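# Structural overview for review
Each chain, letter by letter, is given below.
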Amino acid sequence: MPQTLIRNAESVARSRQVAQLVAGKETSDGAGVKLTRVLSQSLQRRLDPFLMLDAFGSDKPDDYIAGFPDHPHRGFETVTYMIAGRMRHRDSAGHEGLLENGGVQWMTAGRGVVHSEIPEQEAGVMEGFQLWLNLPAQDKLCDPWYRDFAADDLPGFSTESGVAVTVIAGTSHDVTGAVVRQATAPLYLDIHLPAGSRFAQVLPVGHNAFVHVYRGDVTIAGQKVPAQRMAILENAAEADGVIIEASTPARVLLLAGQPLNEPIAQYGPFVMNNEQEIYQALNDYRSGRFVE
Ligand code: MN
């Protein structure tokens, strides 16, 4: 949970409206991990610089215990946020970490890593999210980078109305998050709203933004957003942010970022700018150049 700091409410004069409600798709990935793909490939252009958001959660170990054995990535960043259970990570750049309740793992694949992500049971329950954040063309082949943040290391604050916010990336209400990125300027907040509360967040007009509701339901500019729905927020010049209201307790993720406006070429775990770079990634992976 975030440390308690009382901040003045960030002031938003006019909230963005909900442009579209999206229900995630049930799928499986890795060695048969059941998950819900909240942000899928068809929304990559609309939600640039975000490429994917998966929500996984189960109290049945068979749904997830085989995890994600060794697999490669190139050209983007993965951000894993666990809210229950643990995930053990090992990669070819020599990083190893055990992600626990409320912790975040931020991995920049850059020119390439091979890694494994294996869940470990905690009272049988595992729940969390994995976000894929694109890298600008000029950084796609950068050195891999990795950091683990335990729950206690994540900056956070509480508002006077009792809203508790964890700032995973970006800046909210003068609190700077665990990770800051220049090119994509990602904002990633986990927001816990008590009944009858509201939370306002200033957003630059040009930044693409969405809210994923994972507990309860909320209202944004008069539109109800039920649990397990993603609300894509409009980019309207007259709106200076978003106001999220909860009549019953709710938990949401709020994400926003500066679009890269570059071509996106994805083939599985590789996200580059064109087909030739995808072939190069496949060749480099097959010839062992990711683990040198
Ligand atoms: Mn992975």
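Just above sits the structure.
Let us look at the structure shown here.

Calculation notes
- Residues numbered from 1 in each chain as written.
- Predicted model: local features only at pLDDT ≥ 70, side-chain atom pairs only at ≥ 80, totals over all residues.
- Heavy atoms only, no water.
- Helix = DSSP H or I, 4+ residues; strand = E, 2+ residues; numbered from the N terminus.
- Contact = heavy atoms within 4.5 Å.
- Donors = N, O, S within 2.8 Å, 3.2 Å for Na, K, Ca; no water.
- Buried < 20%, exposed > 50% of the residue type's maximum accessible area, 1.4 Å probe, protein only.
- 1 Å grid on protein atoms, 1.4 Å probe; cavity = no way out; pocket = protein on both sides within 12 Å on 5 of 7 lines; lining within 4 Å.
- Points joined across faces, edges and corners; volume = space filled by probe spheres on them.
- Pairing = 2+ DSSP bridges.
- Axes fitted to C-alpha atoms, helices over the stretch in contact; angles between N-to-C directions.
- Expected span 1.5 Å × (residues − 1).
- Arc of directions from axis to C-beta.
- Polar contact = N/O pair within 3.5 Å; in protein donor to acceptor, adjacent residues only side chain to side chain.

This next bit is on the side chain of serine 197. When you line up the elements, serine 197 lands in strand β19 (residues 197–202). If we skip the residues at most four places from it in the chain, serine 197 touches Ser161, Val163, Ile244, Glu245 and Ala246.

Once that is clear, we can look at the coordination of the manganese ion. Looking at the manganese ion, the protein donor atoms are His71 (NE2), His73 (NE2), His115 (NE2) and Glu117 (OE), and they sit 2.1 to 2.4 Å from it. In primary sequence terms, the donor set of the manganese ion follows H-x1-H-x41-H-x1-E. Taken together, the residues span a long stretch of sequence, with histidine 73 in strand β6 (residues 68–73) and glutamate 117 in strand β11 (residues 113–120) at a distance of 44 residues. Residue histidine 73 is classed as buried on the basis of its relative accessible area of 2%. When its relative accessible area of 3% is taken as the criterion, glutamate 117 is described as buried.

Attention shifts here to the layout of surface pockets. In this structure, the largest pocket occupies an estimated 390 Å³ of space. Asp29, Arg37, Met52, Asp54 and Trp132 are, among the 23 residues lining the largest pocket, the residues nearest its centre. At the level of secondary structure, the elements contributing two or more residues to the lining of the largest pocket comprise β4 (33–39), β5 (50–58), β6 and β12 (126–134). With 5 residues, β6 is the single largest residue contributor to the lining of the largest pocket. Taken as a whole, the second largest pocket spans an internal volume of roughly 300 Å³. Thr36, Ala55, Phe56, Gly57 and Gln228 are the residues nearest the centre of the second largest pocket, which is lined by 20 residues in total. Elements with a contribution of two residues or more to the lining of the second largest pocket: β4, β5, β12 and β20 (208–215).

If you trace the 4 strands from one edge of the open sheet to the other, you get β6-β11-β8-β9, paired in antiparallel fashion. Every interior strand has two partners, whereas the edge strands, β6 and β9 (96–99), have only one. Across the sheet, the mean angle separating the axes of adjacent strands is 20 degrees when strand polarity is ignored. One ladder, built from 4 bridges, connects strand β8 (residues 86–91) with β9; its direction is antiparallel. Note on β9: the bridge partner recorded for methionine 87 is leucine 99.

Let us now look at the pairing of β20. For β20, the buried fraction is high: 7 of the 8 residues fall into the buried class. In this structure, β20 lies alongside strand β25 (residues 250–257), joined through 7 bridges in antiparallel fashion. If you follow alanine 209 over to β25, its bridge partner there is alanine 256. Of the strand pairs in this sheet, β20 and strand β23 (residues 229–233) are connected by 4 bridges, and their pairing is antiparallel. Bridge pairing in β23 links histidine 212 to methionine 230.

This paragraph deals with helix α1 (residues 275–286). Between the first and last C-alpha of α1 there are 17 Å, a value that for 12 residues agrees with the 16 Å anticipated at 1.5 Å per step. Among the residues making up α1, those that are buried are Ile278, Ala281, Leu282 and Asp284. Along the long axis of α1, the arc covered by the buried residues comes to 165 degrees, so they all point the same way. Summarising the geometry of α1, the exposed residues directed more than 90 degrees from the buried face are Gln276 and Arg286. As for α1, its buried residues are in contact with β26 (265–267) and β27 (270–272). With a side-chain oxygen positioned 3.2 Å from the backbone nitrogen of glutamine 276, the residue opening α1 is asparagine 274. Positioned one or two residues after α1, glycine 288 has a phi angle of 80 degrees, which is positive.

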